[in-house]
Amino acid sequence: MSNLRWNYRIVFLLLLLDILAILVFSPAKSQAEVPKSDVSTTEVEKNKAPEAVVNQTVDTSVAPPTNKKAPNDLRDRVTPVSQLLQAAPPTDKKAPNNSAGQVTSVSQLSDIKPTDWAFQALQSLVERYGVIAGYTDGTFRGDRSLTRYEFAAGLNAALDRLNELIATSTADLVKREDLDTIKKLQEQFSPELAQLRGRVDSLETRTAKLESTQFTTTTKLVGRGQIVVGSVFAGNNVFTKRPAPRNVTLQGSTSLRLNTSFNGKDSLGITIGGGNIESLGQTRAGLLGTYEGRTADNSSITFARNTIILSGVRYRFQPLPGTQVNIYPLSDGASEIGLSGPINPYFESSSATGANGISRFSRRSLVYNYGDSGPGIAILQQLGKQLQFGIAYSAPNGNNPTANNGLFKGRYLALAQLIYYSSNRNFRVAATYVNTYSPANTIGFSGTNFGPAVGSNLVNSTVPGAGTVGNLYGLQAFYQVSSKLAINGWVSYAAHRYLGYGDGNAMDWAVGLAFPDLFSQGALGGVLVGMEPKITRLSPNVNLGAGAGQADKDTSLHVEAFYQYKIGDNIEVTPGLIWITAPDSDSSNPDSLFAWVRTVFRF
């Protein structure tokens, strides 16, 4: 067994080296840009059902940035809200306005010069007849191509103006030869004018029909469906010590999201969905007997499969410029204000895809994973052009009125984070602090009383009958080296106190490489290596299941590789591999290896 384990370790490492060699020496020809609006990631929530009930995550435009128009997805479409805290520095330059405006002098058109060959003709049309409309940015754009329909529409406007001049006894301004020319043009373009009028009438009829039958003028319904194929290739159940089944599975999930704005500056999001994607493992349960390597697409542990559930509700508004407030009866504060997205944009989740990285661990550090979904409030504040500050309070069991539960007397998570952006937005770093508490014998949506729901069994365990307090500290960074390469990483530390028994410490770290537009525009490659959360120290009187004072004895590595390929604007396929060494931080356990292929459909 030892030889077999090392053989496929070597094969897997060689495969990764080959992939890295291809990525470094054969970059794609297409271009991609650094994400410019990472803080508007607050606008892009994962809210995917049913995993969102376990831990909703904001979509940070994880899908690799491209120059193409983004397809419809589950993000909110309320422009004022989505532009609330843009990561890109503000600019005083106004966007071009294509709406036309009447000018009274040719000198008002900044791109028309007296030396232009058409200057006199334009001057006559503007100053004699007043039939030339310039753009509101003061340009005429005379070199732009003109269709016959556009010419017909302009001709019709000129005729209307001439008729107006004649009707108001100013016919002396109109020359006979001009009228003859206009008459000939009118006859020549009469088919186009008639067709144009017919098209306008048809559009008005269709618009009236749509307005009378549409669901609502303020609400947009978007959805996502996904199909995953997966299989364990190697590994044991770390709890039973028996080989994990090597069965190929075909599973799926779907979610529907309603995005509503009541005044154009707020947003209400409601998400429902369901699925049957099983977790490969949980704490001392499931196929592998551990949360290590847990995929990002798992259905909620606490809800029956193929059951439609309400997986996210939140209301977002802007009370002051630069301030965004989120109130959520069912969600996650770190997700609501996009705290993890800006420093892990390529591995973190997307409302359209569910997630880019295959595993839950590859998306977020330890500090974001201790809290389940529940009611709470989150606030994101812009501090100048390069700093953002976010705070959130969530109570995973805040909807439960029984003892040791509720919004303020039960399990809670309070989070604060400061993010710094470089002036060109290609580098950002975040410092995070979390304080969390879980009363004894309470269970959250992730199926645990306390812990990150990733990593070893010990880090997700508590002392029976004792409450648990955690103080978590994290430092995360992201650097866009070029349009084809980005690097991100984090290190997190947790101080646990098992009330009445003693203390413990936990850690995790990771380094990831992302390759936007790899081999194809819109595609994304990713490789991540890290150590999932584990207990590094325990007080002598604390027994989490391995014996009094026994912490995790070995180091387990998480190695992940994936490639996301866009079949079209609304379909993506993401195959990936996850390799866990020394599962459950125990070198006596054989390594586990499993594959995952996710296909996402957006509509």
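Residues numbered from 1 in each chain as written. Predicted model: local features only at pLDDT ≥ 70, side-chain atom pairs only at ≥ 80, totals over all residues. Heavy atoms only, no water.

### With respect to the overall build of the protein chain
The helix and strand tally for the protein chain stands at eight helices and 18 strands. Sorting the 603 residues of the protein chain into buried and exposed places 52% on the buried side. Counting only contacts in the protein chain whose residues sit at least 6 apart along the sequence, the fraction spanning at least 24 positions is 70%. (Helix = DSSP H or I, 4+ residues; strand = E, 2+ residues; numbered from the N terminus. Buried < 20%, exposed > 50% of the residue type's maximum accessible area, 1.4 Å probe, protein only. Contact = heavy atoms within 4.5 Å.)

### So, the packing of aromatic side chains
For any pair of aromatic rings, geometry is given as the distance between the ring centres together with the angle between the planes. Taken as a whole, this structure holds twelve aromatic pairs when the rule is applied. With centroids separated by 6.0 Å and ring planes inclined at 40 degrees, the aromatic side chains of Y346 and F478 adopt a geometry described as tilted. With a gap of 132 residues between them, Y346 in the loop between α8 (333-336) and β8 (374-383) and F478 in strand β12 (residues 468-482) connect regions that are remote in the sequence. Since its relative accessible area comes to 2%, F478 is described here as buried. With a centroid separation of 5.5 Å and an interplanar angle of 85 degrees, the aromatic rings of F347 and F562 are classed as edge-to-face. One end of the pair, F347, is in the loop between α8 and β8; the other, F562, is in strand β16 (residues 558-568), and 215 residues separate them in sequence. (Phe/Tyr/Trp six-rings, centres within 6.5 Å; stacked < 30°, edge-to-face > 60°.)

### A closer look at the pairing of strand β17 (residues 571-580)
When a strand is regular, its side chains alternate between the sheet's two faces. Of the strand pairs in this sheet, β16 and β17 are connected by eight bridges, and their pairing is antiparallel. Following the sheet pairing, E560 is matched in β17 by I578. (Pairing = 2+ DSSP bridges.)

### Focus: the side chain of N344
In this structure, N344 sits in the loop between α8 and β8. The contacts of N344, once residues within four sequence positions are left out, are S362, R363, R364, N488 and W490.

### Things to note about the pairing of β16
Across seven bridges, strand β15 (residues 524-538) lies against β16 in antiparallel orientation. Bridged to L528 within β16 is E560. Hairpin geometry of β16 and β17 is characterised by an intervening segment of two residues between the two adjacent antiparallel strands.

### Some words on the pattern of salt bridges
Two side chains with opposite charge may pair up if their charged atoms get near one another. In the structure shown here, the tally under the stated rule is eight salt bridges. Salt-bridge contacts for K484 lead to D517; the nearest nitrogen and oxygen are separated by 4.0 Å. Separated by 33 residues along the polypeptide, K484 in the loop between β12 and β13 (485-498) and D517 in the loop between β14 (502-516) and β15 bring together distant segments of the chain. Assigned by exposure class, K484 and D517 land together as buried. Note that E572 is salt-bridged to R602, the shortest N-O span being 3.4 Å. In this pair, E572 is assigned in strand β17 and R602 in strand β18 (residues 592-602), connecting sequence segments 30 residues apart. In terms of burial, E572 and R602 fall into one category: buried. Put simply, K566, E572 and R602 are held in one network by salt bridges that share partners. (Salt bridge = Lys/Arg side-chain N within 4 Å of Asp/Glu carboxyl O.)

### So, unusual backbone geometry
Here N306, not a glycine, exhibits a phi torsion of approximately 60 degrees, which is positive. Within the secondary structure, N306 is located in the loop between β5 (267-275) and β6 (309-317). Positive phi outside glycine occurs at F519, with the angle close to 70 degrees. Classification of F519 as exposed rests on a relative accessible area of 51%.

### So, the environment of R497
Looking at where R497 falls in the secondary structure, it is placed in strand β13. Among residues more than four places away in sequence, those in contact with R497 are G467, T468, V469, G502 and D503. At a separation of 2.8 Å, a polar atom in the side chain of R497 contacts the side chain of D503. (Polar contact = N/O pair within 3.5 Å; in protein donor to acceptor, adjacent residues only side chain to side chain.)

### A closer look at the nonpolar core
In this structure, Y370, I535 and L544 are the most contacted members of the largest nonpolar core, which totals 32 residues. Elements with a minimum of two residues in this core: β8, β10 (412-421), β11 (427-438), β13 and β15. Here the element with the most residues in this core is β10; it accounts for four residues. If sequence neighbours within four positions are ignored, I535 has contacts with S456, L458, V459, H496, Y498, N505, A506, L544, A551 and D552. L288, F347, I358 and I578 belong to the second largest nonpolar core, which has 22 residues in total. (Core = buried A, V, L, I, M, F, W, Y, C linked by side-chain atoms within 4.5 Å.)

### Observations regarding the confidence of the model for the protein chain
For the protein chain, the average pLDDT comes to 77, and 76% of its residues sit at 70 or higher. For residues 1-100, every residue scores under 50 in pLDDT, and the model assigns this stretch 319 contacts once sequence neighbours within four places are set aside. (pLDDT = per-residue confidence, 0-100.)

### Let's talk about the environment of F389
One can find F389 in strand β9 (residues 387-394). In this structure F389 comes out as partly exposed when scored by relative accessible area, which is 34%. Residues contacting F389, with those up to four places away along its chain left out, are I379, L380, Q381, L383, A416, Q417 and L418.

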